[in-house]
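Structure assessment
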Amino acid sequence: MPQIELINVSKDYKIRKRDKNRSWFAEFFCPKYTQKRAVDDISFSIDAGEMVGYIGSNGAGKSTTIKMLTGILAPTCGTVRVFDRDPCKNRTKNALSMGVVFGQRSQLLWDLPVRDTFDLFKTMYKIEEKVFRAQRDMLVDMLDMEDFLSQAVRQLSLGQRMRANLALCFLHKPKVVYLDEPTIGLDVLVKDKIRAFLKKINKEQGTTVLLTTHDTGDIEQIAERLILIDHGKLLYDGNQLGFKERYRDTEYTLEVTFAAPTAPIENPLFHLQTSEGNTHCYRLNHDKIITGEAITYAASNYSVADIRVRESGIEDILKKMYDRGETICETK
């Protein structure tokens, strides 16, 4: 039985519609409303231990879905089940087996040291002392938090607060964790640390992770499965390889570093994108010249120190689709 299940779920918001031609009296006593559908008839299920990337553009319906799964919002129609329970009717019971991180919204207490907030959560979740100490020490070690564990939260950097929030989220050993933009605004080193932590905790404790983010680097490194929505509709549900194969970009990038200052490659198939020092980046098309032929041509005709090939990733594919206004075919 899946841990998370949505069946034909839709969510509508009632938005007040203001009319400048109506009097304030009429607007106050007889307001008019319009309906906006944030989630439109989506269905999917997630089994225990899966790491799933839930992606889409701004306003696609990602956060609304997370709020329905946590029981904050009730669906307008359809069925939502978490641990085979209705999350709205069982919010307290589900919370004992669930963890949530909403971007930069912190659960830490501003004026208390991180260690004290951990102790408070231990009491809230009724965690046994032995279990609490073992889990806390493991999280502190995995997220490299020892240096700031005794500092007040207001003294921490953004990266330190985010690591502390993640540790707090996993403190009671949740079976399911929802992460909404967990690396927003963080530098590369902190992002790498958090990504490594999530993969390790999933492997060691079998935690189910549903990750929503605009950082496709998080998705590519963490998630094994992708669920893509746009304007509230489910458009793709499958693995990363399947997504890239189905919506593969025919173009790729060839980064050539010459042994000495060299003019750009004179070949109509090589489209120069950037040039910095001895390194030139070219955009090529698989349909006109495959990677092997491009590498051979550059190495045979020029004095080359290094060549690197970069195929289009998830971000490249999505960006081009959104720029062209394309609709991705739904996966059955």
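Right, let's walk through the structure included here. Note that the structure is a prediction, hence the values are computed from the model and not measured. (Residues numbered from 1 in each chain as written. Predicted model: local features only at pLDDT ≥ 70, side-chain atom pairs only at ≥ 80, totals over all residues. Heavy atoms only, no water.)

Details of unusual backbone geometry
- Even without being a glycine, Phe83 presents a positive backbone phi close to 60 degrees.
- With respect to the helices and strands, Phe83 occurs in the loop between β4 (77-82) and α3 (91-95).
- For Phe83, a relative accessible area of 15% gives the class buried.
- A positive phi is found at Glu181, a non-glycine position, where the angle reads about 55 degrees. (Helix = DSSP H or I, 4+ residues; strand = E, 2+ residues; numbered from the N terminus. Buried < 20%, exposed > 50% of the residue type's maximum accessible area, 1.4 Å probe, protein only.)

Describing the nonpolar core
- Phe118 and Met145 are the most contacted members of the largest nonpolar core, which has 48 residues in total.
- Residues contacting Phe118, with those up to four places away along its chain left out, are Phe132, Arg136, Val140, Met145, Leu149, Ala164, Ala167, Leu168 and Leu171.
- Among the nonpolar cores identified, the runner-up in size contains 26 residues, and Ile4, Phe44, Ala60 and Met98 belong to it. (Core = buried A, V, L, I, M, F, W, Y, C linked by side-chain atoms within 4.5 Å. Contact = heavy atoms within 4.5 Å.)

A closer look at the state of the cysteines
- In total, this model carries zero disulfides according to the counting rule given.
- Of all cysteine sulfurs in the structure, the one in Cys88 sits closest to Cys77, which takes part in no disulfide; the separation is 14 Å.
- Take Cys77: its relative accessible area is 34%, and that puts it in the partly exposed class.
- Note on Cys88: relative accessible area 28%, which makes it partly exposed. (Disulfide = S-S within 2.5 Å.)

Overview of the sheet that holds strand β1 (residues 4-17)
- With antiparallel pairing, the three strands of this open sheet are ordered in space as β2-β1-β4. Only two strands of the sheet have a single neighbouring strand rather than two, namely β2 (32-46) and β4. Going across the sheet, the axis of each strand differs from the next one's by a mean of 35 degrees, ignoring polarity.
- Where helix α2 (residues 62-70) meets the sheet, it contacts β1, β2 and β4, and its direction lies at approximately 115 degrees from that of β1. (Pairing = 2+ DSSP bridges. Axes fitted to C-alpha atoms, helices over the stretch in contact; angles between N-to-C directions.)

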